[in-house]
Amino acid sequence: MALMRVAVGVVVLALVCSACMPRSSGDLDVRTGCTSITAERTSVAAGVVMNVRAAGCPGTAATVDHIAATVWRSLRQPVDEIRVEVSGGGSRLSTTALFSRATLSDRFGGGPSGPVVAAPETDDADLWLLLPIAWIVAGFGALLLVYRAARAGAVFLVFR
């Protein structure tokens with residue numbers, strides 16, 4: 001019974017920790033040489049913007065262009081602007097650049113085609129907060145069920 005409690009605790013802890021981790025952006029970090037890159041598509045008054053945050057890049061001046069080109073070529077849906085913010089690097093300063101769709105097409109070639117579609121304005125944060133709670137409740141419910149069945153005389157066999 002104690003082993004089952006430990007296993008449920010480990011699973012719940014893993015779920016909670018995985019919900020707290022930042023979003024990954026595929027292999028953009030590998031292709032750009034940065035230690036981490038996160039990209040988020042948002043809708044603003046000017047249109048659809050791809051916000052890209054990079055950290056631990058080798059240099060900031062040429063890296064901003066390289067990150068913008070890599071993101072532009074990897075997009076599946078078009079955007080109106082790409083904002084690139086690079087922190088860290090050799091100078092330890094933060095560099096921010098804004099690229100419009102026309103600038104991106106001229107400098108880095110054609111990106112994704114089609115109309116720009118705004119990202120839906122949904123807030124899924126509540127779902128990800130409730131998911132670990134639901135797992136905890138389900139785990140304790142299962143433990144309670146097993147405990148009551150064992151007190152009633154049920155025998156459980158575990159095969160390895």
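See the structure above.
A short tour of the structure in this document, coming up. Quick caveat, the model's predicted, so the values are computed rather than measured.

A word on the pairing of strand 3 (residues 81–87)
With seven bridges joining them, strand 2 (residues 47–55) and strand 3 adopt parallel strand pairing. Residue pairing in the sheet places Asn 51 in a bridge with Arg 83 of strand 3. When strand 3 meets strand 4 (residues 95–100), the two strands line up antiparallel, connected through six bridges. Along strand 4, the bridge assignment pairs Val 84 with Ala 97.

Concerning a nonpolar patch on the surface
Where nonpolar side chains cluster on the molecular surface, the patch consists of Leu 127, Trp 128, Leu 131 and Trp 135 and spans about 440 Å² of accessible area. Mapped onto the elements, Trp 128 comes out in helix 5 (residues 125–151).

Let's talk about the side chain of Thr 70
Topologically, Thr 70 is positioned in helix 3 (residues 61–74). In terms of polar contacts, Thr 70 uses its side chain to reach the backbone carbonyl oxygen of His 66, at 2.7 Å.

Considering the pattern of salt bridges
All told, the structure shown has two salt bridges when counted by the stated rule. Here Asp 65 and Arg 107 are joined by a salt bridge, their closest N and O atoms 2.9 Å apart. You can see Asp 65 sitting in helix 3 and its partner Arg 107 sitting in helix 4 (residues 101–108), a full 42 residues away along the chain. Relative accessible area serves as the criterion here: at 28%, Asp 65 is assigned to the partly exposed category. Owing to a relative accessible area of 44%, Arg 107 belongs among the partly exposed residues under this scheme. Linking Arg 83 and Glu 81 is a salt bridge whose minimum nitrogen-to-oxygen distance equals 4.0 Å.

A closer look at the sheet that holds strand 4
Strand pairing in a sheet takes place through backbone hydrogen bonds and is either antiparallel or parallel in direction. The four strands lie next to each other as 1-2-3-4, forming an open sheet whose pairing is mixed. Each edge of the open sheet carries a strand with a single partner, namely strand 1 (36–44) and strand 4. Shown here is a sheet whose adjacent strand axes are inclined to one another by a mean of 15°, direction ignored. Across the sheet, helix 4 lies against strand 3 and strand 4, angled at about 90° from strand 4, the strand it touches most.

Cut-off values and rules
Residues numbered from 1 in each chain as written. Predicted model: local features only at pLDDT ≥ 70, side-chain atom pairs only at ≥ 80, totals over all residues. Heavy atoms only, no water. Pairing = 2+ DSSP bridges. Helix = DSSP H or I, 4+ residues; strand = E, 2+ residues; numbered from the N terminus. Patch = residues over 30% accessible without salt bridge, like charges linked within 9 Å, V, L, I, M, F, W, Y side chains within 5 Å. Areas by Shrake-Rupley, 256 points an atom, 1.4 Å probe, with all protein chains shown as cover. Salt bridge = Lys/Arg side-chain N within 4 Å of Asp/Glu carboxyl O. Polar contact = N/O pair within 3.5 Å; in protein donor to acceptor, adjacent residues only side chain to side chain. Buried < 20%, exposed > 50% of the residue type's maximum accessible area, 1.4 Å probe, protein only. Axes fitted to C-alpha atoms, helices over the stretch in contact; angles between N-to-C directions. Contact = heavy atoms within 4.5 Å.

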